[in-house]
Amino acid sequence: MIKIKKAVVIILSVFLLTGCMSNTKDMMKSFKDYNSKKSSYELTGEMVIVSNEDEFTYNIKVGVDNNTNYKVSLINTINNHEQVILKNSEGVYVVTPNLNKSFKFMSEWPSNSSQAYLIESLVNDINTDSKSTIKETNSGYEIESLVNYPNNQKLEKETIITDKKFNIKEVDVKNSEGATLLKVKVSNIDYSPKFGGDYFKLDTLVKENTKNEEKTTTKAKDNNENKTEESNNQENKTTSETTD
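Residues numbered from 1 in each chain as written. Predicted model: local features only at pLDDT ≥ 70, side-chain atom pairs only at ≥ 80, totals over all residues. Heavy atoms only, no water.

Enquirer: Is there a simple way to think about the nonpolar core in this case?
Expert: By size, the foremost hydrophobic cluster in this structure holds 41 residues, and its most contacted members are Val62 and Tyr117. At the level of secondary structure, the elements contributing two or more residues to this core comprise helix 1 (2-36), strand 1 (41-51), strand 2 (54-65), strand 3 (69-76), helix 2 (119-128), strand 8 (140-146), strand 10 (168-174) and strand 11 (180-190). Beyond its immediate stretch of four places on either side in the chain, Val62 contacts Tyr41, Glu42, Leu43, Lys71, Val72, Tyr117 and Leu118. Listed in part, the nine residues of the second largest apolar core include Leu86, Tyr93, Tyr199 and Val206. (Core = buried A, V, L, I, M, F, W, Y, C linked by side-chain atoms within 4.5 Å. Buried < 20%, exposed > 50% of the residue type's maximum accessible area, 1.4 Å probe, protein only. Helix = DSSP H or I, 4+ residues; strand = E, 2+ residues; numbered from the N terminus. Contact = heavy atoms within 4.5 Å.)

Structure representation (structure tokens):
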């Protein structure tokens with residue numbers, strides 16, 4: 001009788017474990033299926049970066065057209081300083097609109113690293129990490145995944161928080177100790193954006209007569225210039241880590 005009871009317990013345990021694993025796979029598949037289809041969208045929210053004892057907060061606006069054209073605006077909430085990352089058919093640019101300055105980068109951005117504010121990047125992180133996990137919460141789901149930030153080795157993993165429909169609400173990027181060093185809080189995502197014909201054009205961010213000031217650099221040279229810029233202000237550090 002005792003052996004029979006043990007056998008029943010083992011069978012039930014295996015059944016429950018298998019059911020749980022199947023449910024987890026289904027949830028993860030649902031998240032990826034839903035978000036992989038979002039190739040065009042406009043996202044607004046807030047990004048917080050923790051650097052040593054300091055926190056830097058940015059209002060963020062992201063426009064993506066068919067996973068081909070990208071426009072990311074970062075506005076420092078303290079000094080209202082704006083920098084824009086722009087990718088179109090002509091290349092990848094970092095633009096400072098109020099200074100009419102633009103820098104062209106020989107870069108594979110955004111596919112060369114994780115990007116906490118790009119949906120396709122989050123899906124790619126999960127696909128890359130075979131040990132990524134998902135769990136259901138009262139308000140939606142939480143997904144844990146490894147990340148790839150070549151310029152900041154402290155960033156190792158992320159928690160993606162969604163609602164019940166798998167819409168992304170927050171992304172927390174953490175170090176090995178679990179401390180959040182980068183946080184993106186999404187206030188709204190429009191999956192049917194109406195981008196104007198010049199939305200992704202460089203001319204809309206810098207005046208025509210200053211285009212000849214644009215600097216084209218190789219990736220190696222970008223790294224050296226970025227290091228100099230990082231010593232000047234946190235905005236440039238944030239942008240260089242994002243684009244390289």
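Enquirer: Sorry if this is basic, but what is going on with the environment of Ile134 here?
Expert: Turning to its location among the elements, Ile134 is positioned in strand 7 (residues 133-136). In this structure, the C-alpha to C-alpha distance between Ile134 and Asp26, residues 108 residues apart in sequence, is 10.0 Å. Dropping the residues within four chain positions of it, Ile134 is found in contact with Thr24, Met27, Met28, Tyr141, Glu142, Ile143 and Phe166.

Enquirer: Just checking my understanding: could you explain the packing of aromatic side chains for this structure?
Expert: Here a ring pair, both rings aromatic, is described through the centre-centre distance and the interplanar angle of the planes. Enumeration according to the criterion identifies seven aromatic pairs in this entry. Note on Phe195 and Tyr199: the rings are 4.7 Å apart at their centroids and 35 degrees apart in plane angle, and the pair reads as tilted. Ring centres of Phe195 and Phe200 lie 5.1 Å apart, and the angle between their planes is 70 degrees; on these two criteria the pair is classed as edge-to-face. Clustering of aromatic rings is evident, with ring pairs tying together Phe31, Tyr141 and Phe166. For the cation-ring pair, Lys38 lies above Tyr34, with the distance from its terminal atom to the ring centre recorded as 4.1 Å. Against the face of Tyr141 rests Lys164, its NZ or CZ located 5.8 Å from the ring centre. (Phe/Tyr/Trp six-rings, centres within 6.5 Å; stacked < 30°, edge-to-face > 60°. Lys NZ or Arg CZ within 6 Å of the ring centre and 35° of its normal.)

Enquirer: Sorry if this is basic, but what is going on with empty space enclosed by the protein here?
Expert: In the structure shown here, the tally under the stated rule is two cavities of 30 Å³ or more. In this structure, the second largest cavity occupies an estimated 30 Å³ of space. In terms of lining, the second largest cavity is formed by Leu43, Ala116, Tyr117, Leu118, Ile119, Leu122, Ile168 and Val186. Its residues placed into classes, the lining of the second largest cavity shows eight nonpolar, no polar and no charged. (1 Å grid on protein atoms, 1.4 Å probe; cavity = no way out; pocket = protein on both sides within 12 Å on 5 of 7 lines; lining within 4 Å. Points joined across faces, edges and corners; volume = space filled by probe spheres on them. Nonpolar A, V, L, I, M, F, W, Y, C, P; charged D, E, K, R; others polar.)

Enquirer: What is the right way to look at the pattern of salt bridges in this model?
Expert: Side chains that differ in charge, positive against negative, can pair when their charged atoms come close. For the structure shown, the criterion picks out five salt bridges. For Lys164, the salt bridge is made with Glu136, and the minimal N-O distance between the two is 3.1 Å. Highlighted residues: Lys164 in the loop between strand 9 (157-163) and strand 10 and Glu136 in strand 7, separated in sequence by 28 residues. In this structure, Lys183 and Asp172 form a salt bridge, with 3.0 Å as the shortest nitrogen-oxygen distance. With Lys183 in strand 11 and Asp172 in strand 10, this pair connects stretches of sequence that are eleven residues apart. Given a relative accessible area of 24%, Lys183 falls into the partly exposed group. Taking the relative accessible area as the measure of exposure, Asp172 reaches 8% and is therefore buried. Look at the salt bridges and you will find they share partners, linking Glu170, Asp172 and Lys183 into a network. (Salt bridge = Lys/Arg side-chain N within 4 Å of Asp/Glu carboxyl O.)

Enquirer: Please explain the pairing of strand 3 as it appears in this structure.
Expert: Taken residue by residue, a regular strand's side chains alternate between the two faces of the sheet. With respect to burial, strand 3 is a largely interior element, seven of its eight residues being buried. Relative to strand 3, strand 2 runs antiparallel, the two being bridged by eight bridges. Bridge pairing in strand 3 places Asn59 opposite Ile75. Linking two consecutive strands that pair antiparallel, namely strand 2 and strand 3, is a turn of three residues; a positive phi of about 55 degrees is found at Asn66 within it. The pairing of strand 3 with strand 4 (residues 82-88) spans six bridges and is classified as antiparallel. Among the inter-strand pairings, Ile75 is bridged to a residue of strand 4, identified as Glu82. Counted between consecutive antiparallel strands, the loop separating strand 3 from strand 4 contains five residues, among which Asn80 sits at a positive phi close to 60 degrees. (Pairing = 2+ DSSP bridges.)

Enquirer: Help me understand the side chain of Glu158, please; the structure alone is not making it clear to me.
Expert: Note on placement: Glu158 falls in strand 9. Buried within the structure, Glu158 lacks any salt-bridge partner; Lys174 is the closest side chain of opposite charge, at an N-O distance of 10 Å. With residues near it in sequence (within four places) discarded, Glu158 still touches Leu122, Asp125, Ile143, Glu144, Ser145, Leu146, Val147, Val171, Asp172 and Val173. (Lys, Arg positive; Asp, Glu negative; His and termini not counted.)

Take it as geometry only, folks, not as evidence of what the structure does.
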